[in-house]
Amino acid sequence: MVHRKTERGQALILITLAMIGLIALTGLTVDGGMAYSDRRNAQNAADSAAFAAALAHSRGQNVTNIGQGVALTNGFNNDGTTNTVAITVVNSPSGVCPAGATNNKDITVEITSVTNTTFANVVGVQQVTNVVSATTRSCGTYIAPIFDGNAI
């Protein structure tokens, strides 16, 4: 078989393109797995922080400090670079808490987390950002009869 001078180096170009494709697929699996794991951890931290903040509200404690503390315990320190933790407290809509309950609040914890990639840099993806949130409702305190006044 006779090779012409114009055909030299074709295999090198094909091998290079194939390697870029293989590294991109490796990036999808490895970096995608890391991003998914980070998302699960962030969601667990947001859930825990929201529940702790609702409990703090019912006990008359500082909702934001307790929520931030629980997020910090779960690895999200609100540094503004790798993650942010935002806690929003709003009044609950009327009619969602039992009659007579006072100081009803909806507490939302939103965590934004950034994961740096390793293999996906080859195709231009340096970071993956996850945004998760969890909302709880704290209905304050109220006095009601046990079992709607029915007892045996």
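Placed above this text is the structure.
Cut-offs used in this document
Residues numbered from 1 in each chain as written. Predicted model: local features only at pLDDT ≥ 70, side-chain atom pairs only at ≥ 80, totals over all residues. Heavy atoms only, no water. Helix = DSSP H or I, 4+ residues; strand = E, 2+ residues; numbered from the N terminus. Buried < 20%, exposed > 50% of the residue type's maximum accessible area, 1.4 Å probe, protein only. Contact = heavy atoms within 4.5 Å. Areas by Shrake-Rupley, 256 points an atom, 1.4 Å probe, with all protein chains shown as cover. Polar contact = N/O pair within 3.5 Å; in protein donor to acceptor, adjacent residues only side chain to side chain. Pairing = 2+ DSSP bridges. Patch = residues over 30% accessible without salt bridge, like charges linked within 9 Å, V, L, I, M, F, W, Y side chains within 5 Å. Salt bridge = Lys/Arg side-chain N within 4 Å of Asp/Glu carboxyl O. Disulfide = S-S within 2.5 Å. Arc of directions from axis to C-beta.

## With respect to the overall build of the chain
Then comes step 1: The helix and strand tally for the chain stands at two helices and three strands.
Then comes step 2: The order of helices and strands in the chain, counted from the N terminus, is α-α-β-β-β.
Then comes step 3: Taking all 152 residues of the chain together, 28% fall into the buried category.
Then comes step 4: Put simply, 60% of the contacts in the chain that link residues at least 6 apart link residues at least 24 apart.
Then comes step 5: Of the roughly 10,100 Å² of accessible surface on the chain, a fraction of 58% belongs to carbon and sulfur atoms.

## Notes on the side chain of D106
Then comes step 1: With respect to the secondary-structure elements, D106 resides in strand 2 (residues 105-116).
Then comes step 2: A distance of 2.7 Å separates the side chain of D106 from the side chain of R137, its partner in a polar contact.
Then comes step 3: If we skip the residues at most four places from it in the chain, D106 touches T88, V89, V90, N91, S92, P93, T136 and R137.

## As for the pairing of strand 2
The two faces of the sheet receive side chains in turn, since in a regular strand these alternate between them.
Then comes step 1: In the sheet, strand 1 (residues 83-91) pairs with strand 2 via nine bridges, with the strands oriented antiparallel. Note that in strand 2 the partner of N83 across the bridge is S113.
Then comes step 2: The pairing of strand 2 with strand 3 (residues 127-138) spans 12 bridges and is antiparallel. Along strand 3, the bridge assignment pairs I111 with V132.

## Re a nonpolar patch on the surface
Then comes step 1: Residues I13, L17, I20, V122, V123 and V125 make up a contiguous nonpolar surface patch of about 520 Å² in total accessible area.
Then comes step 2: Position of V122 among the secondary structure elements: in the loop between strand 2 and strand 3.

## Section: the environment of S58
Then comes step 1: Topologically, S58 is positioned in helix 1 (residues 10-58).
Then comes step 2: Measuring from C-alpha to C-alpha, the distance between S58 and C139 comes to 7.6 Å, with 81 residues separating the pair along the chain.
Then comes step 3: Within the structure, S58 has its side chain in polar contact with the backbone oxygen of L55 (distance 2.8 Å).

## So, the state of the cysteines
Then comes step 1: Tallied over the entire structure, the rule returns one disulfide.
Then comes step 2: Between the sulfur atoms of C97 and its disulfide partner C139 the distance amounts to 2.0 Å. Here the S-S torsion is close to -75°, and the disulfide linking C97 with C139 is therefore left-handed. Here C97 is found in the loop between strand 1 and strand 2, whereas its partner C139 is found in the segment after strand 3, with 42 residues between them in sequence. Summarising the burial analysis for this pair, C97 and C139 share the class buried.

## Observations concerning helix 2 (residues 63-73)
Then comes step 1: Every buried residue of helix 2 is accounted for by V63, G67 and A71. Taken down its axis, helix 2 places every buried residue within 60° of arc, on the same side. Opposite the buried face of helix 2, at more than 90 degrees from it, the exposed residues are N65, L72 and T73.
Then comes step 2: Buried residues belonging to helix 2 abut helix 1, strand 1 and strand 2.
Then comes step 3: Sitting at the amino-terminal end of helix 2 is N62, which places a side-chain oxygen 3.0 Å from the backbone nitrogen of T64.
Then comes step 4: G75 sits one or two residues past helix 2 and shows a positive phi near 100°.

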